[in-house]
Amino acid sequence: MFLQLLIIVLAFVSFEHEATTYAQSYTSVVAPVHKHVDAAKPLYSVQITTFPVTCKTRENFLIDIDAPLIWHECIVQWNMHPGSCPSDTHCTSSVSCEEYECTHVRTSYTYKDPSCPLETNISTTMPGNWIHCTCPVNVVNPVTGSCGQALLNYDEFYLNISDGRNVFTGLSGAFPNAACAPSSTFASFPANVTGVMGFSSSPYALPFNMYYLVRNTFALCLPSKPSATGVLFFGPGPYYLLPQSNVDVRSYLSYTPLLKHPDSFGHYIIVNSIVIKKRSIDVPANTTTKLSTIDPYTSLSTDIYNHVVRRFSMVTKRLRPTKPVAPFSLCYNTSTTGLKVPDIDFSLPDGKKWTISTTNSIKQVTSDVACLAFVDGGAMSEHPIVIGTFQFEDNFLEFDLQNSTLGFSSSLLRKQTSCANFNLTLIKSPL
């Protein structure tokens, strides 16, 4: 424990030196974002540097803006002396079942689903007959939805600092309580992804644990292809994407309130209606729309979905329909022509609108079939609207958790740029 705390203190001092060095230009920290299509559904990961006792490594974590806790492949142990950790293993100090953090996480920040196992302490006899008691906490696999357990720990994560335009060699550290799970837990994950990084409003998610200069504001820009690399920023900006190297992306953003929902640490907004070619489809009053980085497509409750599909069919009569491909119900034949369809607007409070253009509303399923990328969430869906990741791609989203606002750009492609247009060469290079 003492060695782990000493490492954290030394790392923080080192960061303080780097922050001073770049004091006039340091405004954010950045990390690469990747799209994965080799799991049950498309998912996105962020690459973050970790400092296990044995070596400095980069790990890929699923981006989950709903998760209250960070958890990943590692082991907890009481002996953190050099050489005590197995080779190629991330070792961390465990949180004791007697410590405040254990009770606090279990009481308010873990899953309480009936399918979850009991959070029962695990005691181990150490040399000298000392009893060490670890702290299992419940976590939910975002790929399978199954509930499991991980051991609460003292962890550390690092991201490169930036001025929003350039990446520097300095690192910004975060030192949250996270949790360790065995490698078998991640069998359902995309290849080389071995953790879940929480970006919710929970105090155990990453935003709350960043250095104060960049805490509680993050911007997410998801790439549209596995071959492209998107970007995650922490900090209030500015943000720059090539080729408009002098245009702050914040100038493209509109803002709407971020809301909370009972029994959730996720992020929600109000959508008043869905507008397709000047025709408005009403949404039930006083309901919230969930934002999700785990659901691949926007889902609508059955009544809203049926209205959207009916209206969209009417305004695309000139297109050749074809047999639907699950999970979609409205598809088109694109073998002889490209597909250009009307925008879909989410009408938000204060007259704002989030425009879903063709690249975010139509999914090319095969070489000659494209479908409306919205799905039926069911008649009894918990949330009438859940905006999924296909609608996020190449959109710039700024989550200001301090002021409870969401900044959104709509499609960056209409601004002749994309989420792949931030220079991450320094981070991509070998450690």
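Residues numbered from 1 in each chain as written. Predicted model: local features only at pLDDT ≥ 70, side-chain atom pairs only at ≥ 80, totals over all residues. Heavy atoms only, no water.

A few words on the overall build of the protein. Each helix and strand counted, the protein has five helices and 32 strands in total. Scored against the burial criterion, the 431 residues of the protein give a buried share of 55%. Excluding contacts between residues fewer than 6 apart, the proportion of contacts in the protein whose partners are at least 24 apart in sequence is 68%. (Helix = DSSP H or I, 4+ residues; strand = E, 2+ residues; numbered from the N terminus. Buried < 20%, exposed > 50% of the residue type's maximum accessible area, 1.4 Å probe, protein only. Contact = heavy atoms within 4.5 Å.)

Here we come to the pairing of strand E13 (residues 177-181). A regular strand places its side chains so that they alternate between the two faces of the sheet. Of all five residues in E13, five are buried; the element is thus mostly enclosed. Neither face of E13 is open: one carries Asn 177, Ala 179 and Ala 181, the other Ala 178 and Cys 180, and all of them are buried. Across three bridges, the pairing between strand E4 (residues 71-73) and E13 is parallel. Across the sheet, residue His 72 finds its bridge partner in E13, namely Cys 180. Alignment of strand E10 (residues 147-154) against E13, held across four bridges, turns out to be antiparallel. Within E13, the position partnered with Leu 151 by the bridge is Cys 180. (Pairing = 2+ DSSP bridges.)

Let us now look at the pairing of strand E14 (residues 193-198). For E14, the tally of buried residues reaches five of six residues, placing the bulk of the element in the interior. Alignment of E4 against E14, held across two bridges, turns out to be antiparallel. Residue pairing for E14: His 72 is matched across the bridge by Gly 195.

Another point: the state of the cysteines. One pass over the full model with this rule turns up six disulfides. A sulfur-sulfur separation of 2.0 Å characterises the disulfide bridge that pairs Cys 97 with Cys 133. Across the disulfide from Cys 97 to Cys 133, rotation about the S-S bond amounts to roughly 120 degrees, and the bridge is consequently right-handed. Residue Cys 97 is found in the loop between strand E6 (91-94) and helix H2 (100-108), and its partner Cys 133 is found in strand E8 (residues 130-134); the two are separated by 36 residues along the sequence. Residue Cys 133 is classed as buried on the basis of its relative accessible area of 10%. Each sulfur of the disulfide joining Cys 331 and Cys 371 lies 2.0 Å from the other. In this structure the cystine formed by Cys 331 and Cys 371 twists about its S-S bond by roughly 100 degrees; its chirality is therefore right-handed. With Cys 331 in strand E24 (residues 331-333) and Cys 371 in strand E28 (residues 369-372), the pair connects residues that are 40 residues apart, well separated along the chain. Both residues of the pair, Cys 331 and Cys 371, belong to the buried class. (Disulfide = S-S within 2.5 Å.)

Before going further, it helps to examine the sheet that holds strand E29 (residues 374-378). By definition, the strands of a sheet pair up through backbone hydrogen bonds, in either a parallel or an antiparallel sense. Strand order in the open sheet formed by five strands is E18-E21-E30-E22-E29, and the pairing between neighbours is mixed. Because the sheet does not close on itself, it has two edges, and the strands there are strand E18 (268-269) and E29. Contacts between helix H3 (residues 302-315) and the sheet are confined to strand E22 (298-301), E29 and strand E30 (385-387), with E22 contributing the most and set at about 110 degrees to the helix. (Axes fitted to C-alpha atoms, helices over the stretch in contact; angles between N-to-C directions.)

Residue placement: Asn 160 occurs in strand E11 (residues 157-162). With relative accessibility at 9%, the residue Asn 160 sits in the buried group. A polar side-chain atom of Asn 160 sits 2.9 Å from the main-chain carbonyl oxygen of Phe 168. Beyond its immediate stretch of four places on either side in the chain, Asn 160 contacts Ser 28, Val 29, Val 30, Val 167, Phe 168, Thr 169, Gly 170, Leu 171, Leu 426 and Ile 427. (Polar contact = N/O pair within 3.5 Å; in protein donor to acceptor, adjacent residues only side chain to side chain.)

Considering all chains together, one arrives at 21 aromatic pairs under this definition. Grouped by ring-pair contacts, the aromatic residues Phe 199, Phe 218, Phe 234 and Phe 399 constitute a single cluster. Just above the ring of Tyr 240 sits the side chain of Arg 165; from NZ or CZ to the centre is 3.8 Å. Over the aromatic face of Phe 208 sits the side chain of Arg 215, whose NZ or CZ is 5.9 Å from the ring centroid. (Phe/Tyr/Trp six-rings, centres within 6.5 Å; stacked < 30°, edge-to-face > 60°. Lys NZ or Arg CZ within 6 Å of the ring centre and 35° of its normal.)

Right, let's talk about the side chain of Thr 358 for a bit. By secondary structure assignment, the location of Thr 358 is in helix H4 (residues 358-361). What makes Thr 358 buried here is its relative accessible area of 12%. Setting aside its immediate chain neighbours within four residues, Thr 358 contacts Leu 339, Lys 340, Val 341 and Asp 343.

Let us now look at the pattern of salt bridges. Within the structure shown, the criterion is met by five salt bridges. Salt-bridge contacts for Asp 66 lead to Lys 290; the nearest nitrogen and oxygen are separated by 3.8 Å. In this pair, Asp 66 is assigned in the loop between strand E3 (57-64) and E4 and Lys 290 in strand E21 (residues 289-291), connecting sequence segments 224 residues apart. Given a relative accessible area of 17%, Lys 290 falls into the buried group. (Salt bridge = Lys/Arg side-chain N within 4 Å of Asp/Glu carboxyl O.)

Core analysis: the biggest nonpolar cluster contains 65 residues, and Phe 199, Phe 234, Ile 274, Leu 291 and Trp 354 have the highest contact counts within it. Among the elements that make up this core, the one with the highest residue count is H3 (six residues). Judged by nonpolar contacts, the second largest core, of 27 residues, contains Ala 67, Trp 71, Cys 133 and Phe 189. (Core = buried A, V, L, I, M, F, W, Y, C linked by side-chain atoms within 4.5 Å.)

Excluding glycine, residues mostly have negative phi values, and the peptide bonds linking residues are mostly trans. Residue Pro 238 is reached from Gly 237 by a cis peptide bond, and omega for that bond is 5 degrees. Along the chain, Leu 242 connects to Pro 243 via a cis peptide bond; the corresponding omega equals 0 degrees. Note that Pro 243 resides in the loop between strand E16 (229-234) and strand E17 (254-257). Phi is positive for Asp 263, which is not a glycine, with a value near 65 degrees. Among the secondary structure elements, Asp 263 is positioned in the loop between E17 and E18. At Asp 350, a position not held by glycine, the phi torsion is positive, near 60 degrees. Residue position: Asp 350 is located in the loop between strand E25 (344-347) and strand E26 (353-356).

Limitation: the analysis is restricted to geometry and does not speak to function.
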